[in-house]
Structures are given as C-alpha cells and as structure tokens.
Amino acid sequence: MNNGKPKIGIYELTGCAGDALLIVDCEMELLDIFTAADIQSFAMAKSDNIDGELDVALVEGSVTTEKEISELKDIRERAKIVVAFGNCAAHGGIQARFDDKEWQENLKKVYGNQKFTHTKPVRSKPIDEFVKVDFYLPGCPVSKEQFLHFLTRMLKGNPPEHYPTPVCVTCKYNENDCLLNNGKLCLGPLTADGCGSVCPNHNIPCFGCWGPVENANAIAELHLLKEKGFSVEEIKKRMANFAGTKLADAIKQL
Amino acid sequence: MKTISIDHLTRVEGNGGITATIDGKTVTEVKFNVFEGPRLIERLTVGRTPEEDVSLAPRICAICSVSHKNAVLRAMEDALDVNVSKKIIYSRELMHMGEMIESHSLHTFLLALPDFLGYPNAIAMAGDFEFEAKIGLEMKNYGNHIMKVYNGRWIHGENAVIGGFGQLPTKEDLTWIKSRALQFMPFVNKTVALFCGLDYPDIPEDDTLYVCCEPGNNEYGFWGDEILLSTGEKYSKYDYPKVTNEYTVSHSFCKRSRYNGRPFSVGALARVNNLGDRLEGQAGEMYRKYFNDRWKKNPLFHAAAQALEIMYCFERIPQLVDLILADREEPALIPYTTKEGTGTGLVEAPRGTLIHHYAIKNGLVDHSDIITPTAMNAEEIERYCHIAAQKLLDEGKEDEIRARMDIVVRAFDPCISCSAHSVEIERVPETAWKDRLLELSAKKAPFFVGVGTEDRSDDRAGLELAARLKEMGIADVYTEKDIDSIRSIQEQRPIIFLDAVNMGESPGKITLIPVDHVLRNVNNSHKFTPFIVGALNGAQIKNSYVLGIQPGTTDFGTEMSSSVKEAVQKVVSALTN
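Residues numbered from 1 in each chain as written. Chains lettered and ligands numbered in written order. Predicted model: local features only at pLDDT ≥ 70, side-chain atom pairs only at ≥ 80, totals over all residues. Heavy atoms only, no water.

What follows concerns the domain arrangement of chain A. All names here are of chain A. Split by domain assignment, chain A resolves into domain 1 (7-155) and domain 2 (167-253). The C-alpha-based centres of domain 1 and domain 2 are spaced at 25 Å. Contact with domain 1, which involves 21 residues of that partner, is made by 14 residues of domain 2. Roughly 1300 Å² of surface becomes buried between domain 1 and domain 2 when both sides are summed, with 52% attributable to carbon and sulfur atoms. (Domains from an automatic or database assignment. Contact = heavy atoms within 4.5 Å. Buried area = accessible area lost by both parts, 1.4 Å probe.)

On inspection of all chains with the given rule, the structure shows 45 salt bridges over all chains. Of the charged contacts, one joins Lys144(A) and Glu29(A) as a salt bridge, the two residues approaching to 3.7 Å between their closest N and O atoms. With Lys144(A) in helix α6 (residues 144-155) and Glu29(A) in the loop between α1 (18-24) and α2 (30-36), this residue pair connects regions lying 115 residues apart in the sequence. Between Lys132(A) and Asp134(A) there is a salt bridge whose closest N-O contact spans 2.7 Å. Its relative accessible area of 57% is what places Lys132(A) among the exposed residues. A residue is classified by how much of its surface remains accessible, and Asp134(A), at 24% relative accessible area, is partly exposed. Through salt bridges that share partners, Asp25(A), Glu27(A), Glu102(B) and Lys140(B) make up one connected network. (Salt bridge = Lys/Arg side-chain N within 4 Å of Asp/Glu carboxyl O. Helix = DSSP H or I, 4+ residues; strand = E, 2+ residues; numbered from the N terminus. Buried < 20%, exposed > 50% of the residue type's maximum accessible area, 1.4 Å probe, protein only.)

Attention now moves to the packing of helix α14 (residues 432-443) of chain B against helix α21 (residues 562-576) of chain B. Relative orientation and spacing of two packed helices are given, respectively, by the angle between their axes and the distance between those axes. Residue and element names in this part refer to chain B. Two numbers describe how α14 lies on α21: the axes approach to 10 Å, and their chain directions differ by 40°. Compared by their axis directions, α14 and α21 come out oblique. Crossing hand, α14 versus α21: right-handed. In this structure, α14 contributes Trp 433, Lys 434, Leu 437, Leu 438 and Ser 441 to the contact, and α21 contributes Lys 570, Val 571, Ala 574 and Leu 575. Classifying every residue of the contact of α14 with α21 gives 6 nonpolar, 1 polar and 2 charged. (Axes fitted to C-alpha atoms, helices over the stretch in contact; angles between N-to-C directions. Parallel < 35°, antiparallel > 145°, perpendicular 65-115°, else oblique. Left-handed = near helix turned anticlockwise from the far one by under 90°. Nonpolar A, V, L, I, M, F, W, Y, C, P; charged D, E, K, R; others polar.)

Following Cys140(A), the chain continues to Pro141(A) via a peptide bond in cis, the omega torsion being 0°. For Pro141(A), the location among the structural elements is in the loop between β7 (135-137) and α6. Residue Pro204(B) is reached from Ile203(B) by a cis peptide bond, and omega for that bond is 5°. With respect to the secondary-structure elements, Pro204(B) resides in the loop between α7 (171-196) and β6 (211-214). Located in the positive-phi region is Asp81(B), a residue other than glycine, with phi close to 55°. Along the chain, the position of Asp81(B) falls in the loop between α3 (65-79) and α4 (86-117).

On to the environment of Ala192(A). Residues and elements named next belong to chain A. In this fold, Ala 192 is placed in the loop between α7 (167-173) and α8 (198-201). A relative accessible area of 8% places Ala 192 in the buried class. Between the C-alpha atom of Ala 192 and that of Trp 210, which follows or precedes it by 18 residues, the distance is 5.6 Å. Not counting chain neighbours up to four residues away, the residues in contact with Ala 192 comprise Thr 165, Val 167, Trp 210, Gly 211, Pro 212 and Val 213.

Now for the nonpolar core. In terms of nonpolar packing, the biggest core is built from 149 residues, with Phe42(A), Phe147(A), Leu94(B), Trp295(B), Phe314(B) and Ile317(B) touching the most fellow members. Those residues within four positions of Trp295(B) in sequence are excluded, and the remaining contacts are Cys196(B), Tyr210(B), Leu269(B), Val272(B), Asn273(B), Tyr290(B), Phe301(B), Ala304(B), Ala305(B) and Leu308(B). Core analysis: the second largest hydrophobic core is formed by 25 residues, Leu437(B), Ala461(B), Ala567(B) and Leu575(B) among them. (Core = buried A, V, L, I, M, F, W, Y, C linked by side-chain atoms within 4.5 Å.)

Our focus in this paragraph is the interface of chain B and chain A. Contacts between the two partners involve 67 residues from chain B, matched on the other side by 63 residues from chain A. For the pair chain B and chain A, the summed buried surface comes to about 5600 Å²; carbon and sulfur atoms form 62% of the total. Joining chain B to chain A, the criterion identifies 3 salt bridges. Of all the elements in the fold, those that place two or more residues in the side of chain B that touches chain A are β3 (26-34), α1 (41-45), α2 (50-56), α4, α5 (122-128) and α6 (130-151) of chain B. Per-element accounting of the side of chain B that touches chain A gives the leading share, 6 residues, to α6(B).

A few words now on the sheet that holds β6(B). All names here are of chain B. Taken in spatial order, the 3 strands line up as β6-β7-β8 in an open sheet, and their pairing is antiparallel. Every interior strand has two partners, whereas the edge strands, β6 and β8 (234-236), have only one. Recorded for the sheet is a direction-independent mean angle of 30° between the axes of neighbouring strands. Those strands touched by helix α9 (residues 268-275) are β6 and β7 (226-229), and its axis lies near 60° from that of β6. (Pairing = 2+ DSSP bridges.)

Residue and element names in this part refer to chain A. A large share of strand β2 (residues 38-42) lies buried, amounting to 5 of its 5 residues. As judged from the 4 bridges shared by strand β1 (residues 7-12) and β2, these two strands associate in the parallel manner. Paired with Ile 10 across the strands is Phe 42, a residue of β2.

Turning next to the sheet that holds strand β11 (residues 364-371) of chain B. Hydrogen bonds along the backbone pair up the strands of a sheet, which may run parallel or antiparallel. All names here are of chain B. Pairing in this open sheet of 3 strands is antiparallel, and the strands run β9-β10-β11 from one edge to the other. Edge positions in the open sheet fall to β9 (341-349) and β11, since each of these has one partner strand only. Direction aside, neighbouring strands of the sheet carry axes that sit 15° apart on average. Relative to β11, strand β10 (residues 352-361) is paired through 7 bridges, and the arrangement is antiparallel. Residue pairing across strands places Ile 355 opposite Ile 371, the latter belonging to β11. Sitting on the sheet, α3 touches β9, β10 and β11, and the angle it makes with β9 is about 155°.

Okay, structure coming up:
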C-alpha cells in the first residue's frame, strides 16, 4: 500500500488490447481511477512504469510466446492478486482454437519457414495454464460496468462480485424475443453474462464472445439447435470460436 | 557495446519494442520488434461462414474494431454481390467517424501531447493542462458513443452485419449525435490550432511515399475502391498485392510491405498529403492555413493531420445525420444468399489503409488475407528511427536518441495488436564487423566487390583489399569495373562491397552495414558510395553489405596510411583464418 492506495499493474500479453483500451475508455472515471489507485504500470497509458511489488495485477491477452511466459511468471511473483482480464487471458481467446498440430500447420502457412530471432512463438493458451489466477473477469472486451464494480471492491479490499449466469438471464430481463425460438443459432445459454445481452437486443444472435458460462450445458444446446435444423458440425464450430482451450475437448466429444 | 533499447514501447496500443545498434559513429541497424505473439487470425477465419468471419476478423484490434468491421463487410458484400442502400453506407460512414474521432483524440491529446509538453503521461499532464486533457476525453467519449449507438458497444460491437444492421438507431439518437457535433465546434477549432501550431522538431525529416484509399468524386473520405499513391499512381483494390508486396522478417511477428522496393507511409498524414486539397469547409480553410512542405517529410506531423481529420469528421457528421434521416423508409437489413466469389474491402482505419480480402467457396471462407496499417508502416518506423538516431549521433546528441525514437514510433500511432511496447540502443564493440562478416561467410560464400580509386591514397583501401583476398585464393572477388558481372549474379549469396567510407571516425575503423540501411537513411547514404544503388536489383540489395574502412587521407598518392593498411590486414586475417 502506498499512502493507503493499492498498487495496480495493467499488463498486455497477446490480444487486441481491447481490455486495456476499455480502461482508457472510462473517460469520465479515468482521472478518478488514477487518483484512487496507485497505477504502477500501464504501458498503453503511461511511460513512467515501475515493475515492482503489486497488490493487483490485471493481465490481458493470452500467452503466445516464450517471452510472455517469463513475463507472466514475473508478474505472478510480484503481485498479491492476479486477475485474468478479458476472454483471451481467461480462456485463450479466438487464437486458442487450434490444437498443437493445427497450430503448427497454420503458423507455417502464415510465416513460411521464417525463423524468429526475437522470441519463440508458442500455441496460444490462457494464463492459468502457467500461473495461479485469483479472479476471472471475462469479456470481449470486459464490460465497463463489471470492471468498475470490480475495481471499486478491490480498492476497498473486498472480493469481487461473482457472475454465474448466462446471457439468457439478462436477455429475459430486457424482454427480447427469444432468437432460438426464431430459429437463429444463438449461443446465449452457453455464454457468460456481462454484455447486457447486447447482440440479442439488436436482433443479432449471441456469438459467445464472453466465453463459456460455468456449468454450461453444451449437450442440451446441441440437441436444441439440431432440432432447429443446424448441422452438428456447424454448431460445434460456432461453439468453438470463443471457447478457447477450456471447452475445446468437451466440444470435440459432443 | 551500446544498445539503445526501449523494451516496452509505451502509450501505443499493443506489445512491441525498437532497437538501435551503434558502431562508433554509425547507426548500423534499427529494428522494430513486435513481441505481440502470432494469433494467426487469417487462418482462424478459414472454414468459417462469412457471417462468423464478420465477427471474428475485427477481433484483430480493439481500437480499430469498427474499421475492421467495415473492411470485412465491404469485402464480403463484394464477394457475395450484396448491394446495400445509400442509407446503410451513410450509417456505416457515421459509425466510422465515431472511431476516427475516438482514436484520433486519444492519440493526439492523451498519447502524443504529453511528449510535446514534456510529461510522462496524460494524467500527469492533466494537472497543468486540465482543459486539453478534458477536451480529449470528452471527444473520445463522444466518438465511443457514436460507435455504441450504431454497433451495440464501442469495442467489438456486432450490430453491423452483411446486408446492413441488426437494428438502426432511433431519430432521437441521431439528432443527439448531430446537435452534440455542432456544440463541439469551438473545441474542435482549438484542437486544430493547438496541434497544427505545435513546434515539431525537424529530426527526422526525409522524402516519403504516401499511400491511402482513393475515395473517388474528388472527395475526402475513409474508403474507396482504388489505392492512391503520392506519386499520382492508382491501383484497383484487386491489385493491392502490387502495392503491398508482403514479406516476413525474423525480428517481428508483424509482416512488412514495400512498393517498388520502397517503404511507404499510411495514416492521417498520408491522407492529408494525398487528399488534403479536397477538404472543404473549415477543415479546408485550416488545411490551406497550416499545410506546408514539412508535412510531406516529417512523421511528427501525424498529430497535426489527425487534428485536421477530427475537424473534417465533426463537419461531416451533421450532414450524414441529415442524409440518414431523409431516407427513413429504407430497411435496416436486406436479404442475400451465400454464393461463391472473391471480394476485397479497402478502408482507411485511423492509422492507415486496411485491406481485407476473402474467397468464398461452398458457403465457407476458403482463403483470407488481411493487411493492417501498422504492418505497412513498420518499415517506415524503422527508417525514420534510423534517420533520427544517425542525425542525433552526428550532432553529438546521443543521449537524446532514445527519447526521440520513442516519439517517432508513437507519431505513427502504431496499433501493435495489429500484428507491438519498447526502444533499445546497442553500441557494439570495435570487432562487431568481424563476427558479422564470419557469420555471413559461414552460411554462403559471399561475392566481394572492391570499390575505390587507385591513385588517391586511402581511397584505394577497397581495391587493395580485393586484390589481397584474390591473392589468398578466395573465389569470386571483383572490382567495381566488373559491374556487369555483378549485375548478372543470379545466385542468392551475399554481396559485400569493400570501400573506404568517411564515417567521421579515426582512420582504420571498420564497419559492416547492410546496403539496405545505407539506402534508406539520407544521413548515411551521402557517406557510402552511391554507385551501388543503380547496379543491383531488389533481391540483391536485401542481401548486400558494405564493409567500410575509415580513410585517413584521400589526397593524390599511391601509398595508404599505416592505420588503413592495418585495417586491410585485419579483414584479410579474419577471412583467411
């Protein structure tokens, strides 16, 4: 603690930088965030970064190079609390869909036989494959509301709120017409909530970008979508897009 | 040994670094490293439906997610022959303006301005420049609001789909956007005055090739079906590989682009250079007031160009809202069927030209190619950092190199997730040339070419060295007189020019530098022999080096000075032991 302010570090591994950007996007709250917390490291927003002891480390992005593995381990050693911040850190992101063999083949297709001298690429994985993670805040990107709730609790030394429900719960509150009933391939029942059911609100089926909700019943969804006339392969592909490494095996076995 | 290294470039979006290597008084190499790991996004889109790819591809980048959305939509609608209404096109343009305002205000006020005012970040700057920080944040918030209204959320919104939108915003939403744009104008004027009036440093400056989309109809704009170069040349969007010519490098996961062997710049400065005289209204007036020749060669003017574009957007938004509201009857979404075909989508993301290309087969994406603006700017970032580092070194300001390179990188507003956070300066030991030379020779035996004049004392060094190597039984040694044989070399082997080079060092200093780096740096190219340029083709240039020896005197005479003789002996020993 520095003047009673928790020391926070915000780190980006491989991803779209959307979760770090979301913090910068808290335009009206940004000055307050920097006043209430001691932001030690935040490469996107500042140059005078210090890599020392931390109370909370927010880690965005998945692990895709050897350099990132050692960076992540260093962050873990320095931080009391490590948070997987966003879908890529929590589940591996869309780039975690390939298994080892597919990843090797596709790396070759993109970069040919290029040998990399600056760091060695590895298959994309979520951060909990390498270090212990204390809290997860998924999202693509994380929700501003969830992030601000999370931060406020952290600043007060309280554990963050838990969000165990799927998108469908909020979707019902929003009184949307069920897109599954309308024959659309909607992943709402399988997907963690936090987006405010934004896509169904716009008449667009859920694409699953928050990643799987706890206890997601993939088999029931598969049967339901089959009844609606979708092919098993089509459904499995759609489920796999944002599921990262965590549901990958379960989806393959469906 | 000296390396100036910024391991984590800050105040940019993504994860990368830059390294400058200094050998004595010469900057021998500058590398822009992208540490952001490979995500293989293009490959993730293959085998998926066009609809899935419209959601997957924009995940490349958060800050350009709307540009990626518009690019993938334009490509898919091109491939599937979907012709959306004018109202949908205006709506997408309005959404695009939201991203331009958001990204440009973030970069100008919050990431770049602290550099020019001398603060480590915007929060520290906000203490003394609260007004500027707040305008920046308010504009950014407004840009995000437009994207949220149109796309459901500002990062990775999903409302824009093939054929139109899931749902269109209400009249109330749109009139609010229009009235807010009008209210912002006094602040927009202050923004342009601030960034166009800043005293930008004159290092680095150099001639630059600028590339952007041709919006057509002699208008300014953020997309088109042709690519426009600052030379006046135009290419159809389908011929984009002729402009981009992508290739990979070992020190980065970000691919590179060159046009006719020449790196080129994309982004707000490229657009203002190529299209600025088409600006109308107040943006046009401001362009005519502030634009001058320095904008054509100094990347730091990116911030000024972005401020002009902010003004262009704020003037265009009320017009767009009126156009959209005039067309109330058009549906939000038009039906289409998936068919086979190929399509290309060309848009201007805030940081430059963005290209998406897809082939659809059996209802699924069969091939995809995505070229991002930071990938195109990567070579320019290296070139300008090289120029800045050499110029500052020449002026004896080595301690300023690191900070200046940091500013140059940031000027390009690189979005490294596109493909990079950091500056590294390496000073190599006296013997660095030797390790490099042996490393090169170990892979494939090089061709050696002696350059110089016989009767000008130390300027003979290259010729003398060539003669000695020949004596020692080394094959493939030429002199510059054999220029035709050198031109006809087909084999992929390194070509090493041996030459006396005035680097301002003490006599006898040896330096090995890639020809490519000599050519791209005006500060170096006047020191190194110019004859090389015309003699080689592009592939040869990439595999050529200059082994330079610092002469003592180049007066008439046939005797070389003792230190240069020693240097020649050192090279001969290195190669024959």
